[in-house]
Amino acid sequence: MTSSFSLRKSQLFVLLRPGFLVGLAILLSSIALALFPSFFAPFDPNAFNYSALKQPPSAEHWFGTDNLGRDTFSRVIWAYSVNIQMAFVATIFALIIGVTVGSLVGYYGGIADAIFGRCVDAIITFPFLVLVIAVVAVLGPGLTNMYIAITLVGWVYYARLMRAEIMGQLANDYAAAGKVMGYSDRRIIFRHLLPNAITPVIVYWMTDMALAILLGSSLGYLGLGAQPPQAEWGVLIAEGRNFITTAWWLSLMPGIAIVLTGLGFSLVGDGIADLMRPRG
Amino acid sequence: MLENAHITSAHPRILDVKNLSTSFDVAGKQLKAVDNVSFHLNQGEVLGIVGESGSGKSITLRSIIGLSRRYGEVTGEVNWQGENLVAMLERDLRKVRGKDIAMIFQEPMSSLNPLLTVGLQIGENLVEHTSLDKPGRRRRSIELLEMVGIPDAENRLNDYPHQFSGGMRQRVMIAIALASNPKLLLADEPTTALDVTIQKQILKLILDLSKDLGMAVILVTHDLGVAAQTCDRLAVMYGGKLVETGATREVLRAPKHRYTMGLLQSVPENIEPRTPLFSLPGTPPSLMNLPLGCAFAPRCAHSVADCAEKKPPLIGEQHQVACFNPTNSGEATKGVA
C-alpha cells in the first residue's frame, strides 16, 4: 500500500494543518491511555472507598468519586482500553468481509450481485442501531456479542462502497488488459482492481471507527455492550444517571472522553481523506 | 487442423473467423453488435477493420479473445490453431490469451495499472507465460522496453505509468503485450488517443515488430489514413456486418461498396481551403433497430428494390462485397461470382 499513494509536497501540507495535528495528538494520547491505563490511573478503577462517596472533583480525585467511592478519573482512563479496542475490533472484520464481498460482487456482477443488492436493500432499510440491538438481543448482551452484531450489520456498508468502486475501476482498460494477458480473476481482482479501488473505503473506515466508539458506548449505556462493573464510557454514564442532579461529574466526565476521542478520530480521518483524495 | 486448400498465399492461414455473431441483451431487446462476420488472417499479415463508431469493430475484436462473452452471447467459430475459441472454456482460453494472442487498447492512460511500476507489470506477464527466473525476467523486460524504443530502459523499469507520456505508455503497453512472443496482436484503435506524430511512430513500431517477429496484427481503426498506411488487407464494417473485404490497395483504389466509397470521399485530400467537405448523409443506424434489408440502404443513393428487403450476402473471391448494386457493376464483372 505504501507505494500506492504518490504523495506530492502540496498534499503533505495537509499533515501540518492544526486540525489534523490536534486530532493526531488526541488519537495518540488516547492510544497511549488505552495501552497503559495502569500507568496513568492513580487508583484501582474498581476499588471501593466508603470514606469518599460521591465526592466532587478535587485535587485528590480529579473527576470526583461515585456512589461506591470509586475514583471516576481512574475509571474513565481504564475505559480507554475498552473503547479504543471497540474502534478497531468492531470495524476491522466488517472491513475485511465487506471489501472481499464487495470486490467479488462488483467484479462478477450477475446473480451474485442481484442477491447482494437485495440483501443490502433489506439491511439498510432498518436503522443501523435498531438492527444491531436486535442482533444483540438474540445473541445476548456482552462485548463479544456486540462486536459480532456490529460486524454482521456493518460489513454491508463497506461492501456497498467497495462494489461501486470496483465497478468504476472496471471501466478502465487495465482490467480488460489483465484478462487478455491471461491473468486469473483472483489476480485481476485482488492485485489490480482492489488497490486502485480501496481508497474511499479506507477513508470511510476512519470515520466508522469514530462511529464504532459512539455505538459501543451507546450499547454499553443501554446495558447491551460492556457489562458493569467493567469501566466503559457508556456504562459509566449509565451508572451516573441516577445521580445526575447530585453528582453531575459521574456522567459528564466519561461523556467528555467520548466527545474528545470521537473528535480525534474524525479530525485524523478528515486529514487522511484529504491526503488520499486524488488531485488534478 | 486447418485445411490446406484454404491457403491463399505463401503464408499459412492462422485465424479463421466464421459466422461470428455477438448480441447483447439490452432492456429485454436483442442488440446485435456483430452479425455473422467471417474473415481470415494469414501469418504475419496486417488486417485492418475499419468503420464508424458503433459499427461493431471493437466488439468483433473483443469477441475473438472472449472478452465479450461475459456481457453478451457469442456464436460462430473463431478457429485458432485447430481450436474454436468461442467454444473454449474460460480456463483453457486463459492459456491462449497473452501467450499466443495479445491485445492493446485505445487508452494508454487507463490500460496500465496506475499503482504498479512498469517493471512489475511486464514481469507479471512473464511470470504467467514464461519459465524465466527473476534475473532472466529483468533482462527480458529491459530487452522488451528497448525493442519498443524506450530510452534508458533499465532505469525506467522502476517508474510508474504516470511518469510516462501517452506515446511512451502505449509503447509500454506494446512491450507488455509482446512479452510472451504472441503470434497475433489485436490492436483496438491503438493510436486514436495519441497526437499525429506519435501516431506515426506507434504504427511504424507495430508494423516493424510484425515484420521482425512474423506476428499477425488485426488493427481496428476508424481512420482510413491509418489503415491505408499499415494494412495488407481491409475489412469494412457497417451496422455490425462486414460489407467489404479485400487487399488494401484494391479496396481503396476501386471500392465496390457504396459505403466504402462514401468513407473515401469523406477524407479531405488535395482540396482548397474553405471548400465544404463531403460527408455521408444521415447517421449510422441504431443497432437496436436495424433495417430489414441492407443496413446502409437508408443512406445510400444507389439503393435498388432488393436493398430494403433482403440482406446482401458477402460475395467474391479475393475482393468481397455485400451489395446488390456495387460500384462498376455495370461495366466490370470481376470478382462477382
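These figures come from a predicted structure and were not determined experimentally.

Our focus in this paragraph is the overall build of chain B. Helices and strands together make up the secondary structure of chain B, namely 10 helices and 11 strands. For chain B, whose C-alpha radius of gyration is 21 Å, the value lies close to the compact-globule estimate of 20 Å for 337 residues. Expressed along its principal axes, the backbone C-alpha trace of chain B runs to roughly 65 × 50 × 45 Å. Residue burial in chain B is summarised as follows: out of 337 residues, 43% are buried. Counting contacts in chain B only where the partners sit at least 6 residues apart, residues at least 24 apart contribute 63% of the total.

All names here are of chain B. In space, the seven strands of this open sheet follow the order β6-β7-β8-β3-β9-β10-β11, with mixed pairing throughout. Strands at the two margins of the open sheet, each flanked by one partner only, are β6 (101-104) and β11 (320-321). Where strand β7 (residues 184-188) lies against strand β8 (residues 216-221), five bridges are found, and the strand directions are parallel. In the sheet register, D188 faces β8, and the bridge partner there is V220. Lying on the sheet, helix α6 (residues 166-178) is in contact with β6 and β7; it crosses β6 at an angle near 170°.

Once that is clear, we can look at the interface of chain B and chain A. Of the residues lining the interface, 21 residues belong to chain B; the matching set on chain A comes to 16 residues. Every element with two or more residues in the side of chain B that touches chain A is listed here: α2 (90-96), β6 and α3 (118-129) of chain B. Here the element with the most residues in the side of chain B that touches chain A is α3 of chain B; it accounts for three residues. Classifying every residue of the side of chain B that touches chain A by side-chain character gives nine nonpolar, six polar and six charged.

A few words now on unusual backbone geometry. A cis amide bond, omega 10°, links P228 of chain A with the succeeding residue P229 of chain A. Here P229 of chain A is to be found in the loop between α10 (199-221) and α11 (233-240). For K54 of chain A, which is not a glycine, the phi torsion comes out positive at approximately 45°. Mapped onto the secondary structure, K54 of chain A falls in the loop between α3 (37-40) and α4 (72-108). You will see that E189 of chain B, though not glycine, has its phi angle at about 45°, which is positive. Position of E189 of chain B among the secondary structure elements: in the loop between β7 and α7 (196-213).

Right, let's get into the pairing of strand β10 (residues 241-247) of chain B. Residues and elements named next belong to chain B. Among the seven residues in β10, six count as buried, and that is most of the element. Examined bridge by bridge, strand β9 (residues 233-238) and β10 share six bridges and lie antiparallel to one another. Each bridged residue has a counterpart across the sheet, and for R233 the counterpart in β10 is A247. Following β9, the chain reverses through two residues before pairing antiparallel with β10; G239 in that reversal takes a positive phi of roughly 55°. In this sheet, β11 lies alongside β10 in antiparallel orientation, the contact comprising two bridges. Note on β11: the bridge partner recorded for E244 is V321.

Turning next to the packing of helix α2 (residues 18-35) of chain A against α4 of chain A. All names here are of chain A. Taken N-terminus to C-terminus, the directions of α2 and α4 make an angle of 105°; their axes are 7 Å apart at the nearest point. In terms of orientation, α2 lies roughly perpendicular with respect to α4. Where α2 approaches α4, its residues S30, I31, L33 and A34 are matched on the opposing element by I77, Y80, S81 and I84. A per-class count over the contact of α2 with α4 returns six nonpolar, two polar and no charged.

This part takes up the UniProt feature "domain: ABC transporter" (unreviewed entry) in chain B. In this numbering, the UniProt entry assigns the feature "domain: ABC transporter" (unreviewed entry) to residues 15-264 of chain B. The span residues 15-264 of chain B carries 38% helix and 28% strand; its end-to-end C-alpha distance comes to 28 Å.

This part takes up the sheet that holds strand β1 (residues 13-26) of chain B. Residues and elements named next belong to chain B. If you trace the four strands from one edge of the open sheet to the other, you get β2-β1-β4-β5, paired in antiparallel fashion. Where the open sheet ends on each side, the last strands, each with one partner, are β2 (29-42) and β5 (83-84). Of the strand pairs in this sheet, β1 and β2 are connected by 10 bridges, and their pairing is antiparallel. Looking at β2, one finds that L20 is bridged to V37.

This part is about the pairing of strand β4 (residues 72-80) of chain B. All names here are of chain B. One ladder, built from eight bridges, connects β1 with β4; its direction is antiparallel. Residue pairing across strands places S23 opposite E73, the latter belonging to β4. Here β4 pairs with β5 via two bridges, running antiparallel. In the strand pairing of β5, W80 is matched with E83.

Low-pLDDT portions of the prediction should not be read for the details of their coordinates. Residues and elements named next belong to chain B. Here chain B shows a mean pLDDT of 87. Residues at 70 or above account for 94%. Taken as a whole, residues 1-8 scores under 50 in pLDDT and shows seven contacts with residues more than four places along the chain or in a different chain. Predicted confidence for residues 330-337 stays below pLDDT 50, and this span has eight contacts to residues more than four positions away or in other chains. In the predicted complex, the global pTM is 0.82; the interface-specific ipTM is 0.78.

Conventions adopted
- Residues numbered from 1 in each chain as written.
- Chains lettered and ligands numbered in written order.
- Predicted model: local features only at pLDDT ≥ 70, side-chain atom pairs only at ≥ 80, totals over all residues.
- Helix = DSSP H or I, 4+ residues; strand = E, 2+ residues; numbered from the N terminus.
- Rg over C-alpha atoms; globule rule 2.2 N^0.38 Å.
- Buried ≥ 20, exposed ≤ 12 C-beta atoms within 10 Å, placed from the backbone.
- Contact = placed C-beta atoms within 7 Å.
- Pairing = 2+ DSSP bridges.
- Axes fitted to C-alpha atoms, helices over the stretch in contact; angles between N-to-C directions.
- Nonpolar A, V, L, I, M, F, W, Y, C, P; charged D, E, K, R; others polar.
- Parallel < 35°, antiparallel > 145°, perpendicular 65-115°, else oblique.
- UniProt positions renumbered as here; feature names shortened; annotations may be inferred.
- pLDDT = per-residue confidence, 0-100.

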